[in-house]
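These are the residues of each chain, in order.
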Amino acid sequence: MCHTAITEPKKCNAKLPLELCKKRISEDNARKFFTQGKTDVIEGMISKKNRPFSAFLVCKAGDKRILGWEFPPREPKPKTAAAKSPGAKFGRQKSVPAEEQP
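1. Digging into the side chain of Thr-39
Link 1 in the chain: Tracing the chain through its elements places Thr-39 in the loop between helix 2 (27-35) and strand 3 (42-46).
Link 2 in the chain: Of the residues examined, Thr-39 reaches a relative accessible area of 3% and is grouped as buried.
Link 3 in the chain: For Thr-39, the side chain forms a polar contact with the main-chain nitrogen of Leu-57, separated by 2.9 Å.
Link 4 in the chain: Other than its neighbours up to four places away in sequence, Thr-39 contacts Asn-29, Lys-32, Phe-33, Phe-56 and Leu-57.

Listed below in structure tokens is the structure:
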């Protein structure tokens, strides 16, 4: 049980489902959620758009104890040379004035 549930049981209504985003929540993570307010990172959850993701589950304190998400930092995407040149995103080419065309 979390500290709020022990000291003020009427204020804590935190709940944690057994399965969330097609991933079963382990007993260790459930304990951490209720004691520390945050789980370890849970990998392999599936979003509504069927994309895999990883996140921490967080117990947000307040009037209502609500289940929240906290996402680990992403790795920065590598910059490519094509993305640096203007118009490369849409495949544009420089227009040549009519006078210079062969």
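Continuing now.
2. Side note on the nonpolar core
Link 1 in the chain: Core analysis: the largest hydrophobic core is formed by 11 residues, namely Ala-14, Leu-16, Leu-20, Ile-25, Phe-33, Ile-42, Met-45, Phe-53, Ala-55, Leu-57 and Cys-59.
Link 2 in the chain: Sorting the residues of this core by element identifies strand 3 and strand 4 (52-60) as the ones contributing at least two each.
Link 3 in the chain: Top contributing element to this core by residue count: strand 4, with four residues.
Link 4 in the chain: Apart from the residues within four sequence positions on either side, Phe-53 is in contact with Cys-21, Ile-42, Glu-43, Gly-44, Met-45, Ile-46, Ser-47, Trp-69 and Phe-71.

3. Some remarks on unusual backbone geometry
Most of the time, phi is negative for any residue but glycine, and the peptide bond is trans.
Link 1 in the chain: Even without being a glycine, Lys-22 presents a positive backbone phi close to 60°.
Link 2 in the chain: The topology assignment puts Lys-22 in the loop between strand 1 (19-20) and strand 2 (23-24).
Link 3 in the chain: Overall, the relative accessible area of 58% leaves Lys-22 in the exposed class.
Link 4 in the chain: Here Asn-50, not a glycine, exhibits a phi torsion of approximately 60°, which is positive.
Link 5 in the chain: In this structure, Asn-50 sits in the loop between strand 3 and strand 4.
Link 6 in the chain: On the basis of relative accessible area, Asn-50 is assigned to the exposed category, the value being 54%.

Criteria and thresholds
Residues numbered from 1 in each chain as written. Predicted model: local features only at pLDDT ≥ 70, side-chain atom pairs only at ≥ 80, totals over all residues. Heavy atoms only, no water. Helix = DSSP H or I, 4+ residues; strand = E, 2+ residues; numbered from the N terminus. Buried < 20%, exposed > 50% of the residue type's maximum accessible area, 1.4 Å probe, protein only. Polar contact = N/O pair within 3.5 Å; in protein donor to acceptor, adjacent residues only side chain to side chain. Contact = heavy atoms within 4.5 Å. Core = buried A, V, L, I, M, F, W, Y, C linked by side-chain atoms within 4.5 Å.

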